[in-house]
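One letter stands for each residue in the lines below.
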Amino acid sequence: MHEYGLAEGVLATVRQRAAGRKVAGIRVRFGVKHAVDEESMVQAWGFVTEGTEAEGSAVALVTVPATITCLDCGLTAETSDILAVCAGCNGENVEITGGDEMTLESVTYEPARTG
């Protein structure tokens, strides 16, 4: 499961941003080409965050589609299928671009305790 490697990379960035603050949740954008399985990512996140300020935090995923352009009929559309064929002419002569993003969109923190 490549989700563990992705989770470790995201955690490194989260810990840098958190600077010791307790993390409540994160939101990450993954392009469709990363083929991230949400259940596997949640499991990996729970594992890699054990013992860190992000332990117990929620992880929300946003999947970013790729763009498919048919070189036969010229149709351009978004797709979540990296093995897509043209929706207009069913052609296989397509170019797929984008969908390779990986962005930590947001980090939310537990309220600071006073007293």
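Our subject is the structure that appears above.
Residues numbered from 1 in each chain as written. Predicted model: local features only at pLDDT ≥ 70, side-chain atom pairs only at ≥ 80, totals over all residues. Heavy atoms only, no water.

Describing helix 2 (residues 38–48)
Defined as follows: Exposure is judged per residue with a 1.4 Å probe applied to protein chains only, and the accessible area is read against the type maximum: over 50% gives exposed, under 20% gives buried, and values in between give partly exposed. For the purposes of this entry, the term helix denotes a DSSP run of H or I that reaches at least four residues, the term strand denotes a run of E that reaches at least two, and both are numbered from the N terminus. The arc in question is traced by the directions running from the helix axis to the C-beta atoms.
Turning to helix 2, its buried residues are Ser40, Met41, Ala44, Trp45 and Val48. The arc that holds the buried residues of helix 2, viewed along the axis, is 135°, so those residues lie on one side. For helix 2, the exposed residues set more than 90 degrees away from the buried face come down to Glu39 and Phe47.

Some words on the environment of Ala77
The criterion, for reference: Note on contacts: a residue pair qualifies if any of its non-hydrogen atoms lie within 4.5 Å across the two residues.
Structurally, the position occupied by Ala77 is in strand 4 (residues 76–79). Taking the C-alpha atoms as reference points, Ala77 and Ile96, separated by 19 residues in sequence, lie 9.7 Å from one another. Contacts of Ala77, omitting those with residues within four sequence positions, involve Ala66, Thr67 and Ile68.

A look at the sheet that holds strand 3 (residues 66–70)
Under the convention used in this document: Note: two strands are recorded as paired if DSSP finds a minimum of 2 bridges between them. Where helices are involved, their axes are fitted lines through C-alpha atoms of the stretch in contact, as for all axes, and angles between N-to-C directions lie from 0 to 180°.
Read across the sheet, three strands follow the order 4-3-5 without closing on themselves; strand pairing throughout is antiparallel. The outermost strands of the open sheet, each flanked by one partner alone, are strand 4 and strand 5 (94–97). Across the sheet, the mean angle separating the axes of adjacent strands is 30° when strand polarity is ignored. Both strand 3 and strand 4 contribute to a ladder of four bridges, which runs antiparallel. Directly across from Ala66, in strand 4, lies its bridge partner Thr79.

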